[in-house]
Amino acid sequence: MNRLDGKVAFLSGAARGIGGATARLMASVGAKVAIGDVLDERGKQTAREIESAGGQALYVSLDVTQETSWSNAMGVTVKRFGKLDVLVNNAGVFVGKGVEEVSIDEWNKLVAVNLTGVVLGTRAALPHLKASGQNSQHGSAIVNLASVAGLVGSQLDPLYSLTKGGVTLFTKSTALEFGRKGYKIRVNSIHPGVIDTDMGQQTFVMRARALGTNDTEATRKTSMAMHPVGRLGVADDIAKGIVFLASDDAAFMTGAGLVVDGGYTAQ
Ligand SMILES: NC(=O)c1ccc[n+]([C@@H]2O[C@H](COP(=O)([O-])OP(=O)(O)OC[C@H]3O[C@@H](n4cnc5c(N)ncnc54)[C@H](O)[C@@H]3O)[C@@H](O)[C@H]2O)c1
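Structural notes, computed from the coordinates. Sequence order sets the numbering: in each chain, residues are counted from 1 along the sequence as written. Given that the model is predicted, a residue must reach a pLDDT of at least 70 before its local features are reported, and side-chain atom pairs must reach 80 or more before they are shown or counted; all residues, however, enter totals for whole chains, interfaces and linings. Values reported for side chains reflect all heavy atoms of the structure, with hydrogen atoms and water molecules removed beforehand.

### Focus on the site of the ligand
Note on terminology: near, applied to a residue and a molecule or strand, indicates that one of the residue's heavy atoms is within 4 Å of it. Taken together, the neighbourhood of the ligand is formed by 28 residues, with D37, N90, Y160, I195 and T197 sitting nearest. For this analysis, a polar contact is any N or O atom pair within 3.5 Å, provided that within protein one partner can donate a hydrogen and the other can accept it, and provided that sequence-adjacent residues contribute only side-chain to side-chain pairs. The contact in question runs from an oxygen atom of the ligand to an N or O atom on the side chain of R16, over 2.8 Å. Here an oxygen atom of the ligand and a side-chain polar atom of D37 are 2.6 Å apart. Accessibility throughout is a Shrake-Rupley quantity obtained with a 1.4 Å probe, and a residue counts as covered only by protein chains that appear here. Burial of the ligand by the protein chains amounts to 95% of its free accessible area of 830 Å². At a threshold of 2 Å from the grid points, most atoms of the ligand map onto the largest pocket. Here a strand is any run of E in DSSP of at least two residues, a helix any run of H or I of at least four, and the numbering for each starts at the N terminus. At the level of elements, α1 (17–28), α5 (158–180) and α6 (198–210) are the ones that each hand at least two residues to the shell around the ligand. In this analysis the probe radius is 1.4 Å and the grid spacing 1 Å, with only protein atoms considered; a cavity is a set of points the probe fits into but cannot get out of, a pocket is an open set with protein on both sides within 12 Å along at least five of seven lines, and lining residues have an atom within 4 Å of a point. Assignment of a molecule to a cavity or pocket requires that more than half of its atoms lie within 2 Å of the corresponding grid points.

Take a look at the structure:
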């Protein structure tokens, strides 16, 4: 189950956090992984750690907001590993401010990374995913990082929620478009609850500020209480879901959203 033997995966924003954990897990179940990020030192370190553990990994500098950066990243990956079977659109940024408080610059950055980045990544990977899809029984796969904030509204982060809602429906729409065009590319999204990563930490800080306190421990506890399983998520919880969606075990899934949220949206 959940093996990726012989597959080549590209993960944006995988220097650390959910992307980093997913790159490690993918390599451990047989994939060759390419990591793209703006954090060059951290990304190289993650790739080195995967190689030291016996996996195959490469790091390429990538700014997901730039089309030329994506074409370079795809070129480097295919040159080294020969093809591309899986794209994980994982890079993302968070802004926890209300409609009245956010600046236009902050909004533009959010859109550039969380939305434009996903569109550009999908377009850049498409020719390679089409080619490998035709050569494999169950096709190739895209996994987009949405969020519970792309399924239900958030009191404190409305603009972040808007971008993740966009990712949710872009996933369904591209699944339909690629199906209509006869491409063998499955497209699914994953919807994490609050995950204890750098971004998770950032949500506690920004939510505390939005509530007019500096008590990040209190916002952390409030977040935890919203997860019926009684804890926050960890990056590996999400990595396991991404690996499943990328694998042939999910061959009959496309246009779907896998919710991995400790029960957050069940209430
Ligand atoms: N942590 C959570 O609670 C949570 C919940 C739901 C969804 N998500 C989503 O999961 C994904 C990963 O989040 P994470 O928690 O690992 O956060 P993180 O901040 O630890 O990792 C995000 C990564 O994206 C990279 N990145 C940012 N801008 C980039 C750019 N322009 N080009 C390339 N890379 C860029 C960062 O350098 C970083 O390595 C994001 O899309 C996020 O929105 C996170």
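What follows picks up the thread again.
### A short note on the packing of aromatic side chains
Pairing of aromatic side chains requires ring centres within 6.5 Å, counting the rings of Phe and Tyr and the six-membered ring of Trp. Pairs whose planes differ by under 30 degrees are stacked, by over 60 edge-to-face, and all others tilted. One pass over the full model with this rule turns up 3 aromatic pairs. When the centroid spacing of 4.9 Å and the interplanar angle of 65 degrees are considered together, the rings of F94 and Y160 count as edge-to-face. Taken together, the positions of F94 in the loop between β4 (86–89) and α4 (104–134) and Y160 in helix α5 put the pair 66 residues apart, joining distant regions of the chain. Since its relative accessible area comes to 5%, F94 is described here as buried. Exposure remark for Y160: the relative accessible area of 9% places this residue in the buried category. When accessible area is computed with a 1.4 Å probe and restricted to protein chains, residues below 20% of their type maximum are described as buried, those above 50% as exposed, and intermediate ones as partly exposed.

### What to know about the layout of surface pockets
Taken as a whole, the largest pocket encloses approximately 870 Å³ of empty space. The set of elements that each furnish at least two residues to the lining of the largest pocket consists of α1, β2 (32–37), α4, α5 and α6. Its residues assigned to classes, the lining of the largest pocket shows 20 nonpolar, 15 polar and 8 charged. Here the second largest pocket defines a volume of roughly 280 Å³. In this structure, the second largest pocket is lined by 13 residues; those nearest its centre are Q155, L156, R207, M226 and Y264. Of all the elements, helix α7 (residues 216–225) adds the most residues to the lining of the second largest pocket, at 3 residues. Grid points are joined across faces, edges and corners, and a volume is the space filled by probe spheres set on the points. Three residue categories are used. Nonpolar comprises Ala, Val, Leu, Ile, Met, Phe, Trp, Tyr, Cys and Pro, charged comprises Asp, Glu, Lys and Arg, and polar comprises the others, including Gly.

### Quick look at the packing of α6 against α7
For helices, the fitted axis covers only the stretch in contact; all axes are lines through C-alpha atoms, and the angles between them, taken along N-to-C directions, range from 0 to 180 degrees. Two numbers describe how α6 lies on α7: the axes approach to 8 Å, and their chain directions differ by 115 degrees. In terms of orientation, α6 and α7 fall into the roughly perpendicular class. Between α6 and α7 the crossing geometry is right-handed. Across the interface between the two elements, Q201, F204, V205, R207 and A208 from α6 touch T216, T219, R220 and S223 from α7. The residue makeup of the contact of α6 with α7, split by class, is 3 nonpolar, 4 polar and 2 charged. In what follows, roughly perpendicular refers to angles from 65 to 115 degrees, roughly parallel to angles under 35, roughly antiparallel to angles over 145, and oblique to any angle outside these ranges. Handedness of a crossing is defined here by the sense of rotation of the near helix relative to the far one, left-handed for an anticlockwise turn of less than a right angle and right-handed for a clockwise turn. Pairs of residues are marked as contacts when any of their non-hydrogen atoms sit within 4.5 Å.

### Examining helix α8 (residues 235–246)
A helix is expected to reach a length of 1.5 Å times the quantity of its residues less one. In this model, α8 (12 residues) spans 16 Å end to end at C-alpha, consistent with the 16 Å of a helix rising 1.5 Å per residue. All buried positions along α8 are accounted for by A235, I238, A239, G241, I242, V243, L245 and A246. Elements in contact with the buried residues of α8: α1, β4, β5 (140–145), β6 (185–192) and β7 (257–260).

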